[in-house]
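# Analysis of the macromolecular model
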Amino acid sequence: MKIIFPLLGFVFLFVGLNQAQQKTKPNVVFIISDQHKLEATGAYGDPMVITPNIDQLAETGVLFKNCYTPAPVCAPARASLITGMYPYANGAIYHKAPITMPNGKIKNIGSGYLRETGYHEGITTLPEIFREQHYITAAPGKMHVHGELQKNVDEDFKEGNDLGFDETSVRYYTYFPGGHYEDEVGEDTYMRYRQFKKYSNTYKGGAMHLNMEYVPTLVENDEDNFDMVVAKKSVEFIEKRAEDGKSFFLHVGFEKPHAPFTTTKKYMDMYNPSDFELPKTFDDWYNKGKYPWVPNWVHSGIPRTIERAQNVMAAYYACITEMDDMVGRVVQSLKENGLYNNTIIIYTTDHGEHLFEHGLRGKHNMYEDAVNVPFIISYPKLFEQNTVNNSIVSFVDIMPTLAELIDGKTPETTQGISLVDVLINGTELKNRTVFSEFRGADYQLLPGIKNLPSRMMRKGDYKFIYTHGLIDQLYNVKEDPDELNNLIFDKNHGDIHQDMYFQTLVDWRFQEYSPIKVTVTNNQIRWDASNTFESYSLYYSETKDHRNAILVKADILKNSYTAKEKGFYWVLAKPKLTQTSKFYGDNVPVALENYAYILPVSNCIELN
């Protein structure tokens, strides 16, 4: 007995200390919407949109003006968020992944069916970091991450993959039997909300209805709309944590303002379509011709009829206000349950939206409206309040930031940096470089190519876009926010163009595409000749860090180079573009004649 009681006392003391430590760690509520245009937010300067709850988060926190999604399309962007890695690095590069079926045909598979379409196995996810710190983790709502899997769905991965979440519900766009939105509201309501199957012809566009008629949702009970159900589940989770006192990470996945642009009459009545004005660039491609680097179907003819365009814009704003209202329900629950003061709240979205800027609609390109997204972090207990920060940041920064805040371990795989100093001290990062990437199809000059890759690099005031097989783009987004002046034609920007071209391509490797093949004999670097390229350049660095590499030789017409220094080299090629377009006229080549699956850069070459 003399031994047992002291041991029991020690156990109770340990448990008590563990509970006390848990309570001092902040909770995290991470709210992510779908396709929310940065400029369509009151906190970002829009006087028309009604977003009081998101605006309040900005008033009590830090608003970032230059946050970039790793991909201007849902699934790859969300996988990057979960893994802290860019799509090419985590392997989840596709929105729908091409899989070769037993009959030899290619089928594009959505998330939730096969583990092989997801991020690479062995990568630590964001919720797993919280789980390791004994947090309760939950994710009601949209996730749409290739790699998440219910048990017994994939014959080759029967154990499933919960991403690190203890509780999961109300999935959407992900095959998730038993935990789907349809399981919550029934088949008919699900079809009404999504406007497909027997409701697909009720309005033009079905599930992608843009609401040119300005009509409300087909869902009969307002509280059965997706975001309302997600908010309800989130509030229930918060109430449970108020009861048990456990630290938590809550990922709230709202779906609006993604199409269909329909919501309840309550929110539709808050806007008058005739109040909306088209952006000044709405007819840009009407006059010049389609953009070679934007898929055909993203070009929109809706603005040719002003009333239809105004209805679409007003409907989109109504969807934003619905979603904002649900943000308010979640935050209010934190306050009512005494958890607000110790909870970090983040609001963001997976990518942006074109409301007819450049005459475009949706995302699927690298213009600012598609890739620059709202990003707000509120935690008055520790962070700056009512602060605007101009640092260039990315979704890949979220994992290391939150890991540091909860004393968790940041995985070595993460490609981002912690923003804690930025949040606490208001530091602005200088010369930060971030990237975004996309796989598209139906390009005007390369119509038969599927999953054509493009990559964007943002550094300082400049943004560079590489689109495989097509002409480059370079913009000064500070001086040219509408991105109308492509600086690759300006000789004064030749060095910036060349350097950003190299840095965009140097470490970018992914499925289907191969780098230039190189062999080395003594000090001679030799590469395979190709009709795809017209000239080559050589970059050199004393170390393997390509960020320190310098151009040592440009405009090489042969396929070899004799190196003079020991160190690390890269071969960079200039594609031989020959096809022309209406956009730039007959004198400017903009596309390859014969498409090739060779990236215009080699792997790193070490000379000892």
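What follows concerns the packing of aromatic side chains. Evaluated as defined, the whole model comprises 46 aromatic pairs. With 6.2 Å between their ring centres and 50° between their planes, Tyr271 and Phe276 make a pair best called tilted. No difference in accessibility class separates Tyr271 from Phe276, as the two residues are buried. Ring geometry for Phe276 and Tyr317: centres 4.9 Å apart, planes at 80°, overall edge-to-face. Separated by 41 residues along the polypeptide, Phe276 in the loop between α9 (265-268) and α10 (284-288) and Tyr317 in helix α11 (residues 306-336) bring together distant segments of the chain.

What follows concerns the confidence of the model for the protein. Put simply, the protein has an average pLDDT of 95, and 96% of its residues get 70 or more. This stretch, residues 1-22, has a pLDDT under 50; its non-local contacts, to residues over four places away or in other chains, come to four contacts.

Before going further, it helps to examine a positive patch on the surface. A surface patch of like charges, here positive, comprises Arg526, Lys553, Lys558 and Lys564. Here Lys553 lies in strand β21 (residues 550-556).

Our next topic: the environment of Leu405. Within the secondary structure, Leu405 sits in helix α13 (residues 398-405). Residue Leu405 is classed as buried on the basis of its relative accessible area of 14%. Residues Leu405 and Lys25, 380 residues apart in the sequence, show an inter-C-alpha distance of 8.1 Å. Setting aside anything within four residues of it in sequence, one finds Leu405 in contact with Pro26, Ile344, Leu382, Phe383 and Val420.

In terms of burial, helix α3 (residues 74-83) is a largely internal element, 10 of the 10 residues being buried. The complete set of buried residues in α3 reads Cys74, Ala75, Pro76, Ala77, Arg78, Ala79, Ser80, Leu81, Ile82 and Thr83. Where α3 is buried, its residues touch β1 (27-33), α4 (87-90), α5 (126-132), β7 (248-253) and α13.

With that settled, the discussion passes to the environment of Leu419. Summarising the element assignment, Leu419 is placed in the loop between α13 and α14 (420-425). As for Leu419 and Glu404, which are separated by 15 residues in sequence, their C-alpha atoms are 9.2 Å apart. Those residues in contact with Leu419 that sit more than four places away from it in its chain are Phe64, Phe375, Val393, Asp397, Thr401 and Leu429.

Reading guide: rules and limits
- Residues numbered from 1 in each chain as written.
- Predicted model: local features only at pLDDT ≥ 70, side-chain atom pairs only at ≥ 80, totals over all residues.
- Heavy atoms only, no water.
- Phe/Tyr/Trp six-rings, centres within 6.5 Å; stacked < 30°, edge-to-face > 60°.
- Buried < 20%, exposed > 50% of the residue type's maximum accessible area, 1.4 Å probe, protein only.
- Helix = DSSP H or I, 4+ residues; strand = E, 2+ residues; numbered from the N terminus.
- pLDDT = per-residue confidence, 0-100.
- Contact = heavy atoms within 4.5 Å.
- Patch = residues over 30% accessible without salt bridge, like charges linked within 9 Å, V, L, I, M, F, W, Y side chains within 5 Å.
- Areas by Shrake-Rupley, 256 points an atom, 1.4 Å probe, with all protein chains shown as cover.
- Salt bridge = Lys/Arg side-chain N within 4 Å of Asp/Glu carboxyl O.
- Lys, Arg positive; Asp, Glu negative; His and termini not counted.
- Charge placed at Lys NZ, Arg CZ, Asp CG, Glu CD.

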